Amino acid sequence: TETALRFEIRKLEQRITELEAHAPHDESSEVLKKIIADLKVSRDELTEEHKKLNAQVEEAQTELKAAKKEEEAVSRQLKKVQYDLAMINEEYSLGMERLDEANAALSRTEQDLERSNQALVGLNSKLSEAQASLALAQEEIEHTKLEVISTRQAMEAEHSELGSLKELLQVERSEKSELSELCQSLRQEVESLQGERTSLAAQLKANSEELEALKKQAADNTSSLEFFREQQQQQQQLALSKCMGNNAQPSVTSSAMASLATTSSSLLDKMDGFVRVAAKGVFGKHKGARIHMTLDGRHVSVIRGRNNELFCIDSICYHAGGNLYAGDIENLGEKQCIVCPWHKYKIDMKTGEGYYVDFNHKLVSKGKKQRTHEVKEMQDGSIMVRLNLSDPEKLPSDDYAYAAKLPGG
């Protein structure tokens, strides 16, 4: 190797030096010089081979250093992999613990759902008794019977939603906190339904009293209208007399005067597309007061909200044709919403937008779903409505606006 080459080179140099020192100066010196030259060539070849060997040694050392660095990198990577493996094992243990906790929570939730189902069965039984008693009521209570039926359908829908929630709980076991909040919300809705059932009897009585008052008011309005028409006929006759001269007699028949009075009354009831839907004193001043009518075949309802604000909206719910006109009024922040009794859909009475509350308790708009109309209250207390059909966009409530039949309609 390198040491042996160095030794051979050194020996050749010593041999060349000795031969040069003892070389004779005669003809035999030529042979000796040739030998010395051959030795120098051998020495140069060995020196060159020595240099190549040094270069190979240096290259091998460089590769050895690179191999050591790669070995250190592999060692560090191996340590990192071992650390990551330890962390994965720890996370797996934590995941198994959370899974056990979620299973326990699911078991408790299923027990709560079973209790809710039992409560719903009790509610169905009580609602059946209420329907049996409502069957003996008068025809004016038919509106409230529809509310009771819709309440039962809403409870069945809630029961179906509870089944869906149970499947959702099985799929999303890790979301323990959200499931707990959702179950609590469902229990509150069941309690709310129970409260609505107990308030139905009181609402029946209130509706009967309001109907009697409306009948009385209608009779009074009829008398007032006859008096108004008589006064109008007298004023028209007086105006015609003035046009024809103080000594002239009007040649207008009684039938023509009656036709003129009817036309004038019609003009009073329809102004700028607005139609009078309630005379003075008929529409209540309290929050939640409402009247229902059919204009040009379309079912609409006028509802009084807070701060004496009036709204006009399609009577039939856009979702499934429910009796939206009978829903409760609920304030969602600044928005005044009516809640459909069938499936608890919340609709802004001003804009017609549908709203729902997500899992983060945030109010989310579903866009405009229910068509709203213009309404105003005149100085004499009468109510005027103008249908809003100029919007070219079709709304979901348009599918039910002409099809359904209101109570007593």
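For clarity, every value in this text was computed on a predicted model and none was experimentally measured.

Rules used throughout
- Residues numbered from 1 in each chain as written.
- Predicted model: local features only at pLDDT ≥ 70, side-chain atom pairs only at ≥ 80, totals over all residues.
- Heavy atoms only, no water.
- Phe/Tyr/Trp six-rings, centres within 6.5 Å; stacked < 30°, edge-to-face > 60°.
- Helix = DSSP H or I, 4+ residues; strand = E, 2+ residues; numbered from the N terminus.
- Buried < 20%, exposed > 50% of the residue type's maximum accessible area, 1.4 Å probe, protein only.
- Lys NZ or Arg CZ within 6 Å of the ring centre and 35° of its normal.
- Pairing = 2+ DSSP bridges.
- Axes fitted to C-alpha atoms, helices over the stretch in contact; angles between N-to-C directions.
- Salt bridge = Lys/Arg side-chain N within 4 Å of Asp/Glu carboxyl O.
- Core = buried A, V, L, I, M, F, W, Y, C linked by side-chain atoms within 4.5 Å.
- Contact = heavy atoms within 4.5 Å.
- Patch = residues over 30% accessible without salt bridge, like charges linked within 9 Å, V, L, I, M, F, W, Y side chains within 5 Å.
- Areas by Shrake-Rupley, 256 points an atom, 1.4 Å probe, with all protein chains shown as cover.
- Polar contact = N/O pair within 3.5 Å; in protein donor to acceptor, adjacent residues only side chain to side chain.

A. Broad picture of the packing of aromatic side chains. Evaluated as defined, the whole model comprises one aromatic pair. Plain terms: the ring middles of tyrosine 318 and tyrosine 345 are 6.0 Å apart, the flat faces sit at 65° to each other, and that makes the pair edge-to-face. Residue tyrosine 318 is located in the loop between strand 5 (310-314) and strand 6 (328-332), and its partner tyrosine 345 is located in the loop between strand 7 (335-339) and strand 8 (346-348); the two are separated by 27 residues in the primary sequence. Judged by relative accessible area, tyrosine 318 falls into the buried class, the value being 10%. Positioned above the aromatic ring of phenylalanine 274, the side-chain terminus of lysine 376 is 4.2 Å from the ring centre.

B. Region of the structure containing the sheet that holds strand 8. Taken in spatial order, the five strands make up an open sheet running 6-7-8-9-10, and their pairing is antiparallel. Pairing within the sheet leaves two strands with one partner each, and these edge strands are strand 6 and strand 10 (363-368). When the angles between neighbouring strand axes are averaged without regard to direction, this sheet yields 35°. The pairing of strand 9 (residues 353-357) with strand 10 spans four bridges and is antiparallel. Residue pairing in the sheet places valine 357 in a bridge with leucine 363 of strand 10.

C. Quick look at the pattern of salt bridges. With the rule as written, the count across this model stands at 11 salt bridges. Residue lysine 80 is joined to aspartate 84 by a salt bridge in which the shortest nitrogen-to-oxygen separation is 3.1 Å. One end of the pair is lysine 80 and the other is aspartate 84, both in helix 2 (residues 29-134) and four residues apart, which spans about a single turn. In this structure lysine 80 comes out as exposed when scored by relative accessible area, which is 51%. We classify aspartate 84 as partly exposed; its relative accessible area is 30%. Residue glutamate 374 is joined to arginine 386 by a salt bridge in which the shortest nitrogen-to-oxygen separation is 2.9 Å. Remark: arginine 386 occurs in strand 12 (residues 383-386) and glutamate 374 occurs in strand 11 (residues 372-377); sequence separation between them is 12 residues. One salt-bridge network, in which partners are shared between bridges, spans Arg298, Asp314, Arg371 and Asp398.

D. Broad picture of the nonpolar core. Core analysis: the largest hydrophobic core is formed by 13 residues, its most contacted members being Phe283, Ile291, Met293, Leu295, Val300, Val302 and Ile383. Sorting the residues of this core by element identifies strand 3 (290-295), strand 4 (298-304), strand 5 and strand 12 as the ones contributing at least two each. Among the elements that make up this core, the one with the highest residue count is strand 3 (three residues). The contacts of valine 302, once residues within four sequence positions are left out, are Phe283, Ala289, Arg290, Ile291, Met293, Leu310, Phe311, Cys312, Val375, Ile383 and Val385. Counting residues in each nonpolar core, the second largest holds 10 residues, with Ile313, Cys317, Tyr318 and Cys340 among its members.

E. Here's a closer look at the pairing of strand 12. Both strand 2 (residues 274-278) and strand 12 contribute to a ladder of three bridges, which runs antiparallel. Bridging from a neighbouring strand, alanine 278 pairs with isoleucine 383 of strand 12. Sheet topology note: the strand 11/strand 12 ladder contains four bridges and is antiparallel. Looking at the pairing, glutamate 377 lines up with isoleucine 383 of strand 12.

F. View of a nonpolar patch on the surface. The grouping of Tyr92, Met96 and Leu99 at the surface amounts to a nonpolar patch, some 300 Å² of accessible area in total. Here tyrosine 92 is to be found in helix 2. The exposed category is assigned to tyrosine 92, whose relative accessible area is 56%.

G. Region of the structure containing the side chain of arginine 298. Among the structural elements, arginine 298 can be located in strand 4. Engagement of the side chain of arginine 298 in a polar contact is seen with the side chain of aspartate 314, the distance being 2.7 Å. At 3.1 Å, the side chain of arginine 298 forms a polar contact with the side chain of tyrosine 402. Those residues in contact with arginine 298 that lie beyond four places of it in its chain are Met293, Asp314, Arg371, His373, Leu387, Leu389, Ser397, Asp398, Ala401 and Tyr402.

H. A look at the side chain of serine 397. Within the element layout of this structure, serine 397 appears in the segment after strand 12. Judged by its relative accessible area of 0%, serine 397 is buried. There is a polar contact of 3.0 Å between the side chain of serine 397 and the side chain of aspartate 314. Residues contacting serine 397, with those up to four places away along its chain left out, are Arg298, Asp314, Ile316, Tyr318, Lys369, Gln370 and Arg371.

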